[in-house]
Amino acid sequence: QVQLMESGGGLVQPGGSLKLSCVNSGSTFEIYAMAWYRQAPGKERELVARISKYGNVYVVGSVKGRFTISKDNTGLTVFLQMDYLKPEDTAVYYCNAERVNGSVIGVWGQGTQVTVSS
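Quick notes on the rules
Residues numbered from 1 in each chain as written. Predicted model: local features only at pLDDT ≥ 70, side-chain atom pairs only at ≥ 80, totals over all residues. Heavy atoms only, no water. Helix = DSSP H or I, 4+ residues; strand = E, 2+ residues; numbered from the N terminus. Polar contact = N/O pair within 3.5 Å; in protein donor to acceptor, adjacent residues only side chain to side chain. Contact = heavy atoms within 4.5 Å. Disulfide = S-S within 2.5 Å. Buried < 20%, exposed > 50% of the residue type's maximum accessible area, 1.4 Å probe, protein only.

1. Looking at the side chain of Asn96
Then, in step 1: Tracing the chain through its elements places Asn96 in strand β9 (residues 91-98).
Then, in step 2: Here Gly106 takes part through its backbone nitrogen, which lies 2.9 Å from a polar atom of the side chain of Asn96.
Then, in step 3: In contact with Asn96, other than residues within four places in its own chain, are Leu4, Ala33, Met34, Ala35, Tyr37, Val104, Ile105, Gly106, Val107 and Trp108.

Following this line, the structure appears as structure tokens:
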């Protein structure tokens, strides 16, 4: 069973940076990729970035050039470096594991709050 824990959120001014971390302390069975999602107030959860076990990266257009997803050598920890943050990036950020068909494996956790405000 995948067990994920996100951390690293906080309050930052526009133009600032944050680095989120996600640690999987459980199983890696079926995991093809790890991904970051976010959910802003009143909106649906959306995919932000994904990194496959082979290192292939996808980043959604709205954050391309500002956010970078990476993982450690074990693949158990995934990072989201967020630079040039904007107020519209304010959301709860979640990580999850994905199967090769894109379906998520883990149970959604509490996520980590990112607030971009002056």
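2. Things to note about the state of the cysteines
Then, in step 1: A complete count under the given rule lists one disulfide for this structure.
Then, in step 2: A sulfur-sulfur separation of 1.9 Å characterises the disulfide bridge that pairs Cys22 with Cys95. Where Cys22 bonds to Cys95 through sulfur, the torsion about that S-S bond is close to 55°, and the disulfide is right-handed. Here Cys95 lies in strand β9 and Cys22 lies in strand β3 (residues 18-24), a separation of 73 residues in the sequence.
Then, in step 3: Overall, Cys22 belongs to the buried group, its relative accessible area being 0%.

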